[in-house]
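Descriptive structure summary
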Amino acid sequence: MNYPDFQIDWLRSFVAVVDAGSLSAAAPLVHRSQSAVSMQLKKLEAALGRAVLLRGPRHMELTPAGAELLTYARRMLALQAETQTALFGPQLAGRVRLGVPDDYAATYLTPVLRSFASRYAGVEIELTCEQSTSLIPRVQRGELDLALVSRDKPQRGQFLFQEPLVWVGAAQYEAWRRDPLPIAVYEAGSMARTATLNALAAKRRAYRIVYHSSSLAGQLAAVDSGVAVAVLTRCSVPAGLQILQNLPAEYELPALGAMDVAVLRSKASQRSAAVDAMYEQMQRTLATR
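**Remarks on the overall build of the protein**
Tallying secondary structure elements over the protein gives nine helices and eleven strands in all. In terms of its C-alpha atoms, the protein occupies a principal-axis envelope of roughly 70 × 50 × 30 Å. Across the 289 residues of the protein, 45% fall into the buried class. Across the protein, contacts joining residues at least 24 apart in sequence account for 74% of those joining residues at least 6 apart.

**With respect to the state of the cysteines**
One pass over the full model with this rule turns up zero disulfides. We note that C129 lacks a disulfide partner, and the nearest cysteine sulfur, in C235, lies 13 Å from it.

**Details of the pattern of salt bridges**
For the structure shown, the criterion picks out 14 salt bridges. The shortest N-O distance in the salt bridge between R97 and D145 comes to 3.0 Å. Residue R97 is found in strand β3 (residues 94-100), and its partner D145 is found in the loop between α6 (132-140) and β5 (146-150); the two are separated by 48 residues along the sequence. Taking the shortest distance from any N to any O, the salt bridge between D152 and R156 comes out at 2.9 Å. One network of salt bridges, in which partners are shared, links E130, R138, R141 and E143.

**Points about the environment of L181**
By the element assignment, L181 lies in strand β7 (residues 181-185). Spatially, the C-alpha atom of L181 lies 9.7 Å from that of L253, the residues being 72 residues apart in sequence. Beyond its immediate chain neighbours, meaning those up to four positions away, L181 contacts W167, A175, W176, L200, R205, A206, Y207, R208, V229 and L253.

**Focus: the pairing of β5**
For β5, the tally of buried residues reaches five of five residues, placing the bulk of the element in the interior. Taking every second residue as pointing to the same face, both faces of β5 are buried, with L146, L148 and S150 on one and A147 and V149 on the other. Where β3 meets β5, two bridges bridge the pair, whose relative direction is parallel. By the bridge assignment for β5, G99 is matched with A147.

**Digging into the packing of helix α4 (residues 64-88) against helix α5 (residues 102-119)**
Closest axis-to-axis distance for the α4/α5 pair is 7 Å, and the angle between their directions is 45°. Judged by the angle between their axes, α4 and α5 are oblique. Residues R74, A78, A81, E82 and T85 of α4 form the contact with α5, whose participating residues are R114, S118 and R119. Taken together, the residues of the contact of α4 with α5 sort by class into two nonpolar, two polar and four charged.

**So, helix α7 (residues 191-203)**
Over its 13 residues, α7 runs 18 Å from end to end, which matches the ideal 18 Å to within 8%, given 1.5 Å per residue. Of the positions making up α7, those classed as buried are A192, R193, T196, L197, A199 and L200. Along the axis of α7, the buried residues cluster in a sector spanning 160°; they form a single face. Seen from the buried face of α7, the exposed residues on the opposite side, beyond 90 degrees, are N198, A201 and A202. Between the side-chain oxygen at the start of α7 and the backbone nitrogen of A192 there is a gap of 3.3 Å, and the oxygen is on S190. Once α7 ends, the next one or two residues include R204, with phi positive near 60°.

**Points about the packing of α5 against helix α9 (residues 273-286)**
Packing of α5 against α9 brings their axes to within 9 Å, and their N-to-C directions diverge by 130°. Taken together, α5 and α9 sit at an angle that is classed as oblique. As for the relative orientation of α5 and α9, their crossing is right-handed in sense. Together, Y108, P111, V112, L113, S115, F116 and R119 of α5 and A274, A277, M278, Q281, M282, R284, T285 and L286 of α9 make up the contact between the two elements. Of the residues belonging to the contact of α5 with α9, the class tally is ten nonpolar, three polar and two charged.

**Describing unusual backbone geometry**
A cis amide bond links D179 with the next residue in sequence, P180, at an omega value of 0°. Looking at the element boundaries, P180 is found in the loop between β6 (158-169) and β7. In the Ramachandran plot, H31 falls in the positive-phi region, its phi being about 60° despite a non-glycine side chain. Mapped onto the elements, H31 comes out in the loop between α2 (23-26) and α3 (34-48). With a phi angle near 60°, R204 is a residue other than glycine that sits in the positive phi range. Looking at the element boundaries, R204 is found in the loop between α7 and β8 (207-212). Overall, R204 belongs to the exposed group, its relative accessible area being 79%.

Cut-offs and rules
Residues numbered from 1 in each chain as written. Predicted model: local features only at pLDDT ≥ 70, side-chain atom pairs only at ≥ 80, totals over all residues. Heavy atoms only, no water. Helix = DSSP H or I, 4+ residues; strand = E, 2+ residues; numbered from the N terminus. Buried < 20%, exposed > 50% of the residue type's maximum accessible area, 1.4 Å probe, protein only. Contact = heavy atoms within 4.5 Å. Disulfide = S-S within 2.5 Å. Salt bridge = Lys/Arg side-chain N within 4 Å of Asp/Glu carboxyl O. Pairing = 2+ DSSP bridges. Axes fitted to C-alpha atoms, helices over the stretch in contact; angles between N-to-C directions. Parallel < 35°, antiparallel > 145°, perpendicular 65-115°, else oblique. Nonpolar A, V, L, I, M, F, W, Y, C, P; charged D, E, K, R; others polar. Expected span 1.5 Å × (residues − 1). Arc of directions from axis to C-beta. Polar contact = N/O pair within 3.5 Å; in protein donor to acceptor, adjacent residues only side chain to side chain. Left-handed = near helix turned anticlockwise from the far one by under 90°.

Here you go:
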């Protein structure tokens, strides 16, 4: 029985769209125009005889056939990259000491590591998860090679994208109705904490700090239990919590800004080919967000 061939370019475009979340964000990752990526997906779906992605107004969702194909597509792309490296490229080795805040790790670092590991299996990655205020001085001291951070100064690192801050609460407890407003905050010096307190002061909303923790898990626990509301990066809000917007006028919470997310590199790592490769991978994957 003759089966259709799945061209590697079709699979590469498919995986890029899944990882990036949209056609426009995927296009730079595969060095094609948005229309060319769309055409690759259409050819893939024609060969498969089924849709692989459902295109909504704001996001794309895998179909059951797409979810099944995705696992094989990743394996095929990884094997191709491994083959090319073995036959044509030098074996990159070494270590990359990488830092990232908890709230950026799952959403933003996962696609970076997935792409990097498939190309550079010989590179060891040492990962540190801390707040940006801790990671920035560690990069400056040379204790870390690279860090994905919310930057504290306009020219700090290589800018990648903006991450909005949002108010979050547990719907069943409606802690936002209490006066003074009970809030959970990060540790002193945290940029999210400073943004929260400044916004409340500008709004002249009475508040009370009832919980503080340096970890994202601690913030989520406080909110999920109904103890407080909190300000989090939008990417870190789990499905079970409510982004607090369009509240009744008397309970309206102050507007918040966004974090400038950047990749920061240490001076001591400038001669490392492994760090070069990771730095380029982070820019290539995340600058399209």
